[in-house]
Amino acid sequence: MPPVWCANDDLRRRQQLRHRRDLARQGLVNQRPQDGNVYNPSPVMESTAPAVGALPAADYVHDEDEDLDDIFDSADESGHDLLHNPSSDLNKAYNRQSQLHGSASKVAAGVPASSTQKPTANTFASVDDQVAELSKHAGKIRLDNVKQTQERDKDKADRATAELVLDQRTRMILLQMINQGVVSEIHGAISTGKEANVYGAVQYLDNDSTPIQRAIKVYKTAILVFKDRERYIAGEHRFKRGSEKGNNRKMVKLWAEKEFRNLRRLHSAGIACPEPLRLKLHVLVMEFLGDKRGYAFPRLRDARLTGDDVDEQWKNLYVQLLGIMRRLYQVCSLVHADLSEYNILYNDNQLYIIDVSQSVEHDHPRSLEFLRMDIKNVNDFFRRQGVDTLLDRTIFNFITVPEGPVSEPELSKAIERLYEVRPAAAETDEAVAEMEVDNEVFRNQYIPQTLDELYDIEKEADKPVDELVYKHMLADRVVADKKAGEEGSQSSDEGSVDDAAASGKGSGDEEWFIFDKGAPRGKKHEDKDDKRSHKQAVKEEKREKRKEKIPKAVKKRLVSTTTRKKK
Ligand SMILES: Nc1ncnc2c1ncn2[C@@H]1O[C@H](COP(=O)(O)OP(=O)(O)OP(=O)(O)O)[C@@H](O)[C@H]1O
Ligand SMILES: [Mg+2]
């Protein structure tokens, strides 16, 4: 018998546990851990998974007082719009899933699997009912079906097996997603890490089409697996509410939300990355980057380029990545903050950016420091591949300067120009040594982000602007660049790359100048004569309209007569 609502918390909890135990006995819900910290998956839930499951104590601790209420709360969902968008394929998938797995009455009534209405009473009974309802999908979570093509170390592969067991909350979220048709089946782990596991999944849209591959990132909520997330979230306006220190579950939810939102920004800016599809608490469903059989693209670290022009391919990838970094900064207002060959996937000369949960906005107090770290990682990696890399400082300026292109092919052209205007002797040993020194200096330079962070504001003010690392963040520089753009609009090709290179302005630390500014947008940049004639035309139009206007007194009279008639 389902438990009845009761005001007494203790009694209610006991009833809930008893009910869960009953369900567990019937094989519907996973039982609580027994024999210390060993999970004992129910035969239904883990029917195809191997019998592993000894989890470290810490992995279990956070689940001790596990409740599932928030899992059935639709307020914690993002990407739900996909499901309700009539043009979305997810709709089809949802209907298909519902038809396949009962709930026929719900489908007929047009009720979504997880109702958006919150129960007003008997919450626990409702949660348990939903848990029981979801258990019919248990066989579709088959984590033993691992697809690994990448050269990962043995340690990690072993960990992948040991982590086949999901905690109950995560399992419920996954079952819910299956129920809603977001995915149809969940397969093995693509990757298991300290902070998150990524699983492969498939979504069947209709009976005869090939399934769509999906990736599901599950963030870990265990205490011991936390890294210093605070430094990424603190100081960013999107997370002003605070980082929810001390509450792991909330913190991880925030983290997943950050990745979802950042991915969405990247995707809408046209940067190659997995499209985020659905977020529920700490579980994120996204586009799968890999082949149709479910094998993920390799990380850039593991990419094996083939052909006679491998060197050229590496160089092109380098140029492509610098362009992406500028686009990320200028269009998305983001710094990746963990960019390296581990967080970039590669396929067919295309780079895909992943793992943006720690990416920060411009206004983050350490964004420039993170950017400099990203540049270092990228340069170090490509130098190891034999690419003639640009100076860290040059790239930093290239990324941060507001003026200039933000899309291909102009971005690549601008980078090629950076090579062209580089001091001529860049290939000599001496120049290489000099480059290394400059990189070292730049990497250790202090980058203030606000005026408050300057040690000696007067001393800084005396320095030539071009000596400042943060020169592109100075308000007057940004304004000056904009002004130059306005003036540039009067003599059309002033400030173009060729001019800059020819006049020698583009050498050394002046690379920011070599962007082709192009025609500035916005009304204030329109030609003065155009503006005047437009104003005149609008005036004329208004005058004509006034001629047809009924005088106020006449209008009033007309209104009053019609109202009287009605009466
Ligand atoms: N959308 C995707 N499609 C295919 N594979 C993916 C996708 N997202 C992630 N992966 C794979 O999962 C791996 C880990 O993903 P990610 O870098 O996002 O996790 P992580 O936060 O680094 O986890 P941890 O730090 O705990 O290792 C990646 O290296 C990649 O191989
Ligand atoms: Mg990663």
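The model shown is predicted, which means the values in this text are computed figures rather than measured ones.

Right, let's talk about the overall build of the protein chain for a bit. When its secondary structure is counted, the protein chain shows 20 helices and 10 strands. In the protein chain, which comprises 567 residues, the proportion classed as buried is 34%. Relative to all contacts within the protein chain whose residues are 6 or more apart in sequence, the contacts with residues 24 or more apart total 66%.

Time to look at the nonpolar core. One finds Ile-216, Tyr-352 and Ile-353 to be the most contacted residues of the largest nonpolar core, which totals 90 residues. If one sorts the elements of this core by residue count, helix H11 (residues 310–330) sits on top with 9 residues. When residues are assigned to domains, this core turns out to be shared by domain 1 (9–287) and domain 2 (305–523), each giving three or more.

The next thing to look at is the sheet that holds strand S6 (residues 283–287). Across the sheet, which stays open at both edges, the 6 strands sit in the order S1-S5-S6-S4-S3-S2 with antiparallel pairing between neighbours. Looking along the sheet, the strands with just one partner apiece sit at the ends: strand S1 (77–78) and strand S2 (185–192). As paired elements, S1 and strand S5 (residues 276–280) share 2 bridges and run antiparallel to each other. Counterpart to Glu-77 in the pairing with S5 is Lys-280. Its contacts with the sheet place helix H10 (residues 248–268) against S1, strand S4 (212–219), S5 and S6, and it is angled at close to 165° to S5.

Once that is clear, we can look at H11. Compared with an ideal rise of 1.5 Å per residue, which puts 21 residues at 30 Å, H11 spans 30 Å between its outermost C-alpha atoms and is within 8% of the ideal. Those residues of H11 not exposed but buried are Leu-317, Tyr-318, Val-319, Leu-321, Leu-322, Gly-323, Ile-324, Met-325, Arg-326, Arg-327, Leu-328 and Tyr-329.

It is worth spelling out the site of ligand 1 at this point. Looking at ligand 1, there are 20 residues lining it, with Ser-191, Gly-193, Glu-195, Pro-274 and Asp-355 nearest. Looking at the shell around ligand 1, the elements with two or more residues in it are S2, strand S3 (196–203), S4 and S6. In terms of residue class, the shell around ligand 1 is built from 10 nonpolar, 4 polar and 6 charged.

On to the packing of helix H12 (residues 367–384) against helix H13 (residues 392–400). Their axes nearest at 10 Å, the elements H12 and H13 cross at an angle of 125°. Taken together, the axis directions place H12 and H13 in an arrangement best described as oblique. Classified by chirality, the crossing of H13 by H12 is right-handed. Contacts between H12 and H13 involve Leu-371, Arg-372, Ile-375, Lys-376 and Asn-379 from the former and Asp-392, Ile-395, Phe-396 and Ile-399 from the latter.

With an omega dihedral of 5°, the bond running from Glu-408 to Pro-409 counts as a cis peptide bond. Tracing the chain through its elements places Pro-409 in the loop between H13 and helix H14 (410–420). Here Ser-333, not a glycine, exhibits a phi torsion of approximately 55°, which is positive. Within the element layout of this structure, Ser-333 appears in the loop between H11 and strand S7 (334–335). The class for Ser-333 is partly exposed, based on 14 C-beta atoms found within 10 Å.

Our focus in this paragraph is the environment of Phe-442. The topology assignment puts Phe-442 in helix H15 (residues 429–444). Separated by 46 residues in sequence, Phe-442 and Phe-396 place their C-alpha atoms 9.7 Å apart. Each residue touching Phe-442, except ones within four places of it in the same chain, is listed here: Asp-392 and Arg-393.

Now for the UniProt feature "binding site: ATP" (unreviewed entry) in the protein chain. Within the UniProt annotation, "binding site: ATP" (unreviewed entry) is assigned to Lys-217 and Leu-289. Sequence-wise these annotated residues cover 73 residues; spatially they are packed, their C-alpha atoms never more than 12.7 Å apart. Here Lys-217 lies in strand S4. The contacts of Lys-217, once residues within four sequence positions are left out, are Ala-196, Val-198, Leu-284 and Met-286. Its place among the elements puts Leu-289 in the loop between S6 and H11. Not counting residues up to four positions away in its chain, the partners in contact with Leu-289 are Pro-274, Ala-296, Phe-297, Leu-345 and Tyr-352.

This paragraph deals with the packing of H11 against H13. The interhelical angle for the contact between H11 and H13, taken along N-to-C directions, is 45°, at an axis separation of 8 Å. In terms of orientation, H11 lies oblique with respect to H13. The two elements H11 and H13 meet at a crossing, and its hand is right-handed. Every residue of H13 that contacts H11 at Leu-322, Met-325, Arg-326 and Tyr-329 is listed here: Ile-395, Phe-398, Ile-399 and Thr-400. Looking at the contact of H11 with H13 residue by residue, the class counts come to 6 nonpolar, 1 polar and 1 charged.

Side chains of residues three or four places apart in an α-helix project in the same direction, reflecting 3.6 residues per turn. With 9 of its 9 residues buried, H13 lies for the most part within the structure. Taken as a whole, H13 has its buried residues at Asp-392, Arg-393, Thr-394, Ile-395, Phe-396, Asn-397, Phe-398, Ile-399 and Thr-400. Each element contacted by the buried residues of H13 is listed here: H11, H12, H14 and H15.

Here S2 pairs with S3 via 5 bridges, running antiparallel. The partner of Ala-189 across the bridge, within S3, is Tyr-199. Following S2, the chain reverses through 3 residues before pairing antiparallel with S3.

Attention shifts here to the pairing of S4. For S4, a buried count of 7 out of 8 residues is recorded, marking the element as mostly surrounded by other parts of the structure. Pairing analysis gives 8 bridges linking S3 to S4, with the strands arranged antiparallel. Note on S4: the bridge partner recorded for Asn-197 is Val-218. As paired elements, S4 and S6 share 5 bridges and run antiparallel to each other. Its bridge partner lying in S6, Lys-217 is registered against Leu-284.

Mapped onto the present numbering, the UniProt feature "binding site: Mg(2+)" (unreviewed entry) falls at Asn-343 and Asp-355. Along the chain, the position of Asn-343 falls in the loop between S7 and strand S8 (344–347). Sequence-distant contacts of Asn-343, defined by excluding residues within four places in its chain, comprise Asp-338, Ile-354 and Asp-355. Along the chain, the position of Asp-355 falls in the loop between strand S9 (350–353) and strand S10 (360–361). The class of Asp-355 is buried, set by 25 C-beta atoms lying within 10 Å. Beyond its immediate stretch of four places on either side in the chain, Asp-355 contacts Asp-338 and Asn-343.

Conventions and cut-offs
Residues numbered from 1 in each chain as written. Chains lettered and ligands numbered in written order. Predicted model: local features only at pLDDT ≥ 70, side-chain atom pairs only at ≥ 80, totals over all residues. Helix = DSSP H or I, 4+ residues; strand = E, 2+ residues; numbered from the N terminus. Buried ≥ 20, exposed ≤ 12 C-beta atoms within 10 Å, placed from the backbone. Contact = placed C-beta atoms within 7 Å. Core = buried A, V, L, I, M, F, W, Y, C linked by C-beta atoms within 7 Å. Domains from an automatic or database assignment. Pairing = 2+ DSSP bridges. Axes fitted to C-alpha atoms, helices over the stretch in contact; angles between N-to-C directions. Expected span 1.5 Å × (residues − 1). Near = placed C-beta within 6 Å. Nonpolar A, V, L, I, M, F, W, Y, C, P; charged D, E, K, R; others polar. Parallel < 35°, antiparallel > 145°, perpendicular 65-115°, else oblique. Left-handed = near helix turned anticlockwise from the far one by under 90°. UniProt positions renumbered as here; feature names shortened; annotations may be inferred.

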